[in-house]
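Structure at a glance
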Amino acid sequence: MTAYIKLEQVSFSWPQGGQVLRDINLSIEKNSTIALMGPNGSGKTTLGKLIIGLLKPSSGRVFISGTDAEEYSLAARGRLIGYVFQNPEGQFFASTITEEIGFALKYRGMSPDKVQQRVEEMLTLFELEEYADTFPFNLSQGEKQRLALAAIIALRPGFIILDEPFTGLDWLRKQRLQEVLQRVRNEGVGYLLISHDRDMASRLCSRVLQLEGGELQ
Ligand SMILES: Nc1ncnc2c1ncn2[C@@H]1O[C@H](COP(=O)(O)OP(=O)(O)O)[C@@H](O)[C@H]1O
Ligand SMILES: [Mg+2]
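The numbers attached to residues start from 1 for each chain and follow its sequence in the written order. Written order decides the labels, with chains lettered from A and ligands numbered from 1. Local features in this predicted model are restricted to residues of pLDDT 70 or higher, and side-chain atom pairs are both shown and tallied only at a pLDDT of 80 or more, whereas totals for entire chains, interfaces and linings draw on every residue. In computing side-chain values, all of the structure's heavy atoms are included and hydrogens and water are not.

A few words now on the nonpolar core. Only buried residues count toward a nonpolar core. Its members are Ala, Val, Leu, Ile, Met, Phe, Trp, Tyr and Cys residues joined through side-chain atoms within 4.5 Å. To sort residues, take the accessible area from a 1.4 Å probe on protein chains only and compare it with the maximum for the residue type: under 20% means buried, over 50% means exposed, and anything in between is partly exposed. Judged by nonpolar contacts, the single largest core of 39 residues is most densely connected at I101, F126, L149, I160, L181 and Y191. What counts as a helix is a DSSP run of H or I of at least four residues, what counts as a strand is a run of E of at least two, and both are numbered from the N terminus. Only strand 3 (33–37), helix 3 (97–107), helix 4 (112–125), helix 5 (141–153), strand 7 (159–163), helix 6 (171–186), strand 8 (190–194) and helix 7 (198–204) provide two or more residues apiece to this core. It is helix 5 that contributes the most residues to this core, six residues altogether. I24, L47, V62 and Y83 belong to the second largest nonpolar core, which has 29 residues in total.

Printed below as a string of structure tokens:
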């Protein structure tokens, strides 16, 4: 099976000099569930951004679905891989949750009936029904994480990257996000979960990667 995401000898340094990643080789299959762990500042977010194309490798290549990722536009790459940022509210722009989830579907030409059906499905899956008409910024951190994930899953990406989605959540909201990720996994959608939480990583992922000293252990 060809890897959905492949990194070949990827290195990354900031222009000011500091090298973050060194000769990273990594193959990720489409429906796999992988945890990326490592100390603060070890380059986990950098690695995620290199995969979706918000950063470019200093050397080496990234392939998505067998094609050099440079050949995709950023928008096309976003359709292949959904990304949930560490502070998802930076991604929100709509005035209600319903609109936040439905916007990109509408923009892609889905009929209003289908948009509504997909939005309702997502509200149920992510336990957000009661907030359908709420302003996204008024949600708790846990609900914001679920909304960001809902808006991304609604688009049916081939794979998802989540950057520290459990940070700042209380126990109950952690449990809810865990259940939701289990459902995502059961639907056959793979993800890369950047997390500090080893228990969560082992419960939700079949493979755990450790990033340290610029290298994958
Ligand atoms: N915009 C930036 N400019 C320069 N250095 C940065 C920038 N963002 C992050 N860094 C540095 O790059 C390294 C890796 O950061 P990051 O990928 O955010 O680590 P992690 O997500 O594992 O905590 C750190 O040393 C961090 O200070
Ligand atoms: Mg980070």
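To continue, consider the site of ligand 1. Near ligand 1 the following residues occur: W14, Q16, V20, P39, N40, G41, S42, G43, K44, T45 and T46. Two N or O atoms form a polar contact when they lie within 3.5 Å of each other; inside protein one atom must be a possible hydrogen donor and the other a possible acceptor, and for residues adjacent in sequence the pair counts only when both atoms belong to side chains. Within the backbone of G43, one N or O atom sits 3.0 Å away from an oxygen atom of ligand 1. At 2.8 Å, a side-chain N or O of T45 approaches an oxygen atom of ligand 1. Considering every element that reaches the shell around ligand 1, the biggest residue donor is helix 1 (residues 44–52), with three residues. Within the shell around ligand 1, the residues separate by chemical class into three nonpolar, seven polar and one charged. The rule for a residue being near a molecule or strand is that one of its heavy atoms must lie within 4 Å of it. Polar here means any residue outside two lists: the nonpolar Ala, Val, Leu, Ile, Met, Phe, Trp, Tyr, Cys and Pro, and the charged Asp, Glu, Lys and Arg; Gly therefore counts as polar.

Next up on the list: the sheet that holds strand 4 (residues 59–64). Between any two strands, pairing holds if DSSP finds at least two bridges. Spatial ordering of the open sheet is given by 2-1-4-5, a layout of four strands whose pairing is antiparallel. One side of each edge strand has no neighbouring strand; the edge strands of this open sheet are strand 2 (19–28) and strand 5 (67–68). Across two bridges, the pairing between strand 4 and strand 5 is antiparallel. Bridge assignment links F63 to a residue of strand 5, and that residue is D68. In what follows, a contact means two residues having at least one pair of non-hydrogen atoms within 4.5 Å. Between N-to-C directions, angles cover 0 to 180 degrees, with each direction set by a line fitted to C-alpha atoms, over the stretch in contact for helices. Relative to the sheet, helix 1 contacts strand 1 (5–13), strand 2 and strand 4, its axis offset from that of strand 1 by approximately 125°.

This part takes up the packing of aromatic side chains. Side-chain rings of Phe, Tyr and Trp, where Trp is taken by its six-membered ring, are said to pair if the distance between their centres is within 6.5 Å; with planes under 30 degrees apart they count as stacked, over 60 as edge-to-face, and otherwise as tilted. Inspection of the entire model under this criterion finds seven aromatic pairs. Between F93 and F103, the aromatic rings sit 5.0 Å apart at their centres with planes inclined by 80°, giving edge-to-face as the arrangement. Taken together, the positions of F93 in the loop between strand 6 (81–84) and helix 3 and F103 in helix 3 put the pair ten residues apart, joining distant regions of the chain. By relative accessible area, which is 39% here, F103 ends up partly exposed. Ring plane angle 15° and centroid distance 6.0 Å describe the contact between F103 and Y107, whose orientation is recorded as stacked. Of the two residues, F103 and Y107 are both situated in helix 3; the distance of four residues between them amounts to about one turn of the helix. Aromatic rings pair up to connect F92, F135 and F137 into one cluster.

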